[in-house]
Amino acid sequence: MTKLLIIGSVAAGTSVGAKARRNSEDLEITIYDRDEDISYSGCGIPYFVGGEIAELDELTPRDAAFFKKRYNIDVKTRHNVEAIDHETKTATIRHLDTGETFTDTYDTLVFATGASSIIPPLPGVDLENIFPVRNIRNAEAIRRYVDAQAPKRAVIVGGGFIGLEMAEQLTYRGIEVTLVERLAQVMPPLDVDMAKRVSDHLEANGVILRLGESVASFEGEKTARAVVLASGERIETDLVILSVGVKPNTQLAQEIGVTIGQTGAIAVNRQMQTNIEDVYAVGDVAESFSVITGQPLYRPLGSTANKMGRIAGMVITGETIEHRGILG
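Quantities reported herein were computed from a predicted structural model and do not represent experimental measurements.

Chemist: Even after reading the chapter, I still don't get helix α5 (residues 161-172), so can you show me in this structure?
Modeler: Along an α-helix, a turn takes 3.6 residues, which lines up residues three or four apart on a common side. The end-to-end C-alpha distance of α5, which contains 12 residues, comes to 17 Å, matching closely the 16 Å that a straight helix rising 1.5 Å per residue would cover. Every buried residue belonging to α5 is among G163, L164, M166, A167, Q169 and L170, and all of these are buried. At its buried positions, α5 is contacted by α2 (45-50), α4 (136-149), β10 (153-157), β11 (176-181), α6 (192-204) and β16 (239-242). Phi for G174, located one or two positions after α5, is positive at around 85 degrees.

Right, dumping it as structure tokens:
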């Protein structure tokens, strides 16, 4: 039986497996993930923090047992793929809870390793009330802190998708929000005139904007009590949210010679194939391209991840479908 091995089990990885299984019963499908949560809605994290989504279970509706029962897919969480030998088509995996190391084989390999939050190496960045926003454990930690500590002021570093959603949700919870963005506008993908409308709406709802400003350090002993900007301005705070972007997790792929594109993500063709035969990449680790310009584009969003995953699952099982690009 042909073996499909997928590394990563959030939106893209599970989409590959589910689509491949719908098309073929003649595959042995295994998904490994070093995290403990699978197939979760990262897009919903700000809304859980804000309380619009009441229970964390709503963001994690499917577990490993679901995929085994519904699709006959083995999803192994807390398993880190540490090395790959593509010559022999073997992977070395470590069970993070037991420390056990073992090998598995594959015929087709899919990188759905996602991306990691960029944590700027600034003084004080490791203080207890400074949170990235990337996975379910982050969501749980932020919500727990907000519920227990009832912060009155928050500083959000980064004015992209997640930063703006967090600004909205924390404002709904009655927290005074200051948003710091190093560029001269919020929502960098937007044209300046459109971003101005977003800024106006934020300010109309009480969000304090510090545009064209960067953070120099965080002050505090156990928790951050102030954010110091490069301009010297000091903003007092009870909570800091870091949303300065993500970096695709490409290291494992690079180790076997997978080509990295000009955006820093894995370069793939329109069928999600890398430069190495029988190796695919999907989701936040992979590069897409712009519908408008045709040029490579990296915009890690859940909708794109699901789309890429389905395309890869179809191609792996013999269909001739192509990705048509994204608007970003």
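Chemist: Would you take a moment to explain the pattern of salt bridges for this structure?
Modeler: Side chains that differ in sign of charge can pair as their charged atoms come close. Under the criterion given, the structure shown has 19 salt bridges. Across the pair R225 and D238 runs a salt bridge whose closest N-O atoms are separated by 3.5 Å. Note that R225 is positioned in the loop between β13 (215-219) and β14 (226-229) and D238 in the loop between β15 (234-236) and β16, a separation of 13 residues in sequence. Classification of R225 as partly exposed rests on a relative accessible area of 42%. Taken together, the salt bridges that share partners define one network made up of R153, E219, R225, R234, E236 and D238.

Chemist: Where do I start with the environment of T113 in this structure?
Modeler: Locating T113 in the fold gives a position in the loop between β7 (108-111) and β8 (115-117). Each C-alpha atom of the pair T113 and I136 lies 16 Å from the other, and the pair is 23 residues apart in sequence. When sequence neighbours within four positions are dropped, the list of residues in contact with T113 reads I7, N249 and V285. Within the structure, T113 has its side chain in polar contact with the backbone oxygen of N249 (distance 2.8 Å).

Chemist: So what exactly am I meant to see when it comes to the sheet that holds strand β4 (residues 79-85) here?
Modeler: Hydrogen bonds between backbone groups are what pair the strands of a sheet, and the pairing can be parallel or antiparallel. Spatially, β4-β5-β6 is the arrangement adopted by the 3 strands of the open sheet, whose pairing is antiparallel. The two strands at the open ends of the sheet, each matched to only one other strand, are β4 and β6 (101-105). Neighbour-to-neighbour, the strand axes of the sheet open up by a mean angle of 30 degrees, direction not taken into account. Bridge count for β4 against strand β5 (residues 90-95) is 6 bridges, and the pairing is antiparallel. Bridging across to β5, D85 finds its partner in T90.

Chemist: Even after reading the chapter, I still don't get a positive patch on the surface, so can you show me in this structure?
Modeler: Taken together, the side chains of R22, R62, R70, K307, R310 and R324 define a basic patch exposed on the protein surface. For R324, the location among the structural elements is in the segment after α8 (302-316). Assessed through its relative accessible area of 75%, R324 is described here as exposed.

Criteria and thresholds
Residues numbered from 1 in each chain as written. Predicted model: local features only at pLDDT ≥ 70, side-chain atom pairs only at ≥ 80, totals over all residues. Heavy atoms only, no water. Helix = DSSP H or I, 4+ residues; strand = E, 2+ residues; numbered from the N terminus. Expected span 1.5 Å × (residues − 1). Buried < 20%, exposed > 50% of the residue type's maximum accessible area, 1.4 Å probe, protein only. Contact = heavy atoms within 4.5 Å. Salt bridge = Lys/Arg side-chain N within 4 Å of Asp/Glu carboxyl O. Polar contact = N/O pair within 3.5 Å; in protein donor to acceptor, adjacent residues only side chain to side chain. Pairing = 2+ DSSP bridges. Axes fitted to C-alpha atoms, helices over the stretch in contact; angles between N-to-C directions. Patch = residues over 30% accessible without salt bridge, like charges linked within 9 Å, V, L, I, M, F, W, Y side chains within 5 Å. Areas by Shrake-Rupley, 256 points an atom, 1.4 Å probe, with all protein chains shown as cover. Lys, Arg positive; Asp, Glu negative; His and termini not counted. Charge placed at Lys NZ, Arg CZ, Asp CG, Glu CD.

Everything listed is a geometric property; what it means functionally is a separate question.
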